[in-house]
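# Fold and geometry: a report
Chain by chain, the residues:
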Amino acid sequence: MTTEADDASGKVAGGTSTLDLALRVLDFLVGESRPQALAQIAAALGASKSTVYRHLVTLGRHGLVRQDPETDRYEPAVKLVMWGEAVRSRFDVMTAARDVMVRLRDETAQAVTLCGRMDDGGVVVLELIQGRTVIEFGTRPGTRLDYHASAHGRVWLAFGAAAQREAALAGPLRQWTTHTITDPAALRREIEAIRARGWATAPDEIVIAVNALAAPVFDHRGEQVGSLAIAGPTQFIPSPPTEAQIRAVLAAAQDISRQLGWSAKP
C-alpha cells in the first residue's frame, strides 16, 4: 500500500510511488460502474484525501479523469477511449496470430487456419497458411464451417456462449459424410469431452480423409475470440492426433491468447 512516507521519498522498489498511486487511482475509477467521491477513492486505496486529490488534478490535466461539476465526483475521461482505440489493433486476434501461425506451420508442416464466430450457425475462416505437404487446401478466408461438423466449430461449442451451443444443438445438423455426428446427444457428449481435454477434431466429417485439430483462443476477459487449428489429410493428422501435434496446437493457441491479455487461472 502506498503511504504518505512513500510519497515524500517518491520512490518504492522498482519504481516511483507517485506514479504507482496515480495508476491505481485510474485503475480504480475504470473498474467502477459510476463516478466516485474523493473520500471513496481515498478509502479504497488506503491513502489520504489530499494525496489522492493531487493525483486526480494531474490526471484531469492530462484528460484522463473528469470531475462532474454538479456532484464533484470523478470518473474516467474520454481520452482513455481514444488510447484504447489507438492500441486496439495490436490486440486484434488476426494481428496477434500471424507470426504464431507461421511457427505452428513450420513445426507441424500442416496447413494452419484461424477462425472467428458467425451468428448463423457456423464459424468463418479468417486466415489460412498453407502447409509444407503435397496437399494444398482450397479453404480460403471467408469460408464458412458448420459448428457441429468441424473441429473449429466444436471448439466454439465447447468454450463459447451457452446460447450459441444450445442453438447449434437444436439443429438442423447437416450430414456432410457418413461420419458426421448428427445426433444431438452424441454431439453433446463430444462437446463435453472437448471441454475436458481442451482441443477438438473432426476426422472425415466434412471431407473424407481430412482431419483438423483445433484449440480455443481467449482474450483478456477470458472470452473466446477465435480458434486455431492445423488441418491436413488423416495420413498426417490421425485420430486421435499425436501428442506432439496436440502440444503444438495448444501451445500456439495459448501464445495468441496471452498476446490478447489472457492469463491461465492459477
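Structure: see above.
Residues numbered from 1 in each chain as written. Predicted model: local features only at pLDDT ≥ 70, side-chain atom pairs only at ≥ 80, totals over all residues. Heavy atoms only, no water.

### Section: the overall build of the protein
Tallying secondary structure elements over the protein gives 10 helices and eight strands in all. For the protein, the residues scored as buried account for 42% of the 266 residues in total. Residue pairs at least 24 apart in sequence account for 54% of intrachain contacts in the protein once pairs closer than 6 positions are excluded. Just so you have it, the protein exposes about 14,100 Å², and 55% of that area is on carbon and sulfur atoms. (Helix = DSSP H or I, 4+ residues; strand = E, 2+ residues; numbered from the N terminus. Buried < 20%, exposed > 50% of the residue type's maximum accessible area, 1.4 Å probe, protein only. Contact = heavy atoms within 4.5 Å. Areas by Shrake-Rupley, 256 points an atom, 1.4 Å probe, with all protein chains shown as cover.)

### Side note on the pattern of salt bridges
Summed over the entire model, instances satisfying the criterion amount to 13 salt bridges. For aspartate 106, the salt bridge goes to arginine 105, with nearest N and O atoms at 2.8 Å. Given a relative accessible area of 42%, aspartate 106 falls into the partly exposed group. Taking relative accessible area as the criterion, arginine 105 reaches 12% and is therefore assigned buried. In this structure, arginine 154 and glutamate 205 form a salt bridge, with 2.3 Å as the shortest nitrogen-oxygen distance. Here the residue arginine 154 occupies a position in helix 7 (residues 151–159), and glutamate 205 occupies one in the loop between strand 6 (200–201) and strand 7 (210–218), the gap between them amounting to 51 residues. Of the two residues, arginine 154 and glutamate 205, neither departs from the other in class, the shared state being buried. Put simply, Arg105, Asp106 and Arg132 are held in one network by salt bridges that share partners. (Salt bridge = Lys/Arg side-chain N within 4 Å of Asp/Glu carboxyl O.)

### Some thoughts on the nonpolar core
Generally speaking, soluble globular proteins have nonpolar side chains that are buried together. Counting residues in hydrophobic clusters, the biggest one holds 26 residues, and the most contacted among them are Val123, Tyr147, Leu157, Leu187 and Ile191. Mapped by element, the contributors of at least two residues to this core are strand 3 (111–117), strand 4 (122–129), helix 7, helix 8 (162–169), helix 9 (184–197), strand 7 and strand 8 (224–233). Take this core: its biggest share by element is five residues, from helix 7. Residues contacting valine 123, with those up to four places away along its chain left out, are Cys115, Gly116, Arg117, Met118, Thr143, Arg144, Leu145, Tyr147, His152, Gly153 and Trp156. Residues Trp199, Val217, Ile230 and Ala248 belong to the second largest nonpolar core, which totals 23 residues. (Core = buried A, V, L, I, M, F, W, Y, C linked by side-chain atoms within 4.5 Å.)

### Considering the sheet that holds strand 4
Taken in spatial order, the six strands make up an open sheet running 5-4-3-8-7-6, and their pairing is antiparallel. Here the strands that pair on one side only, and so sit at the sheet edges, are strand 5 (144–146) and strand 6. Of the strand pairs in this sheet, strand 3 and strand 8 are connected by five bridges, and their pairing is antiparallel. In the strand pairing of strand 8, alanine 111 is matched with alanine 231. (Pairing = 2+ DSSP bridges.)

### Re the packing of helix 7 against helix 9
Put simply, helix 7 and helix 9 touch, their axes get as near as 9 Å, and they point 80° apart. Our classification of the angle between helix 7 and helix 9 gives roughly perpendicular. Contact residues: Arg154, Leu157, Ala158 and Phe159 in helix 7; Leu187, Glu190, Ile191, Ile194 and Arg195 in helix 9. Class assignment of the residues belonging to the contact of helix 7 with helix 9 gives a composition of six nonpolar, no polar and three charged. (Axes fitted to C-alpha atoms, helices over the stretch in contact; angles between N-to-C directions. Parallel < 35°, antiparallel > 145°, perpendicular 65-115°, else oblique. Nonpolar A, V, L, I, M, F, W, Y, C, P; charged D, E, K, R; others polar.)

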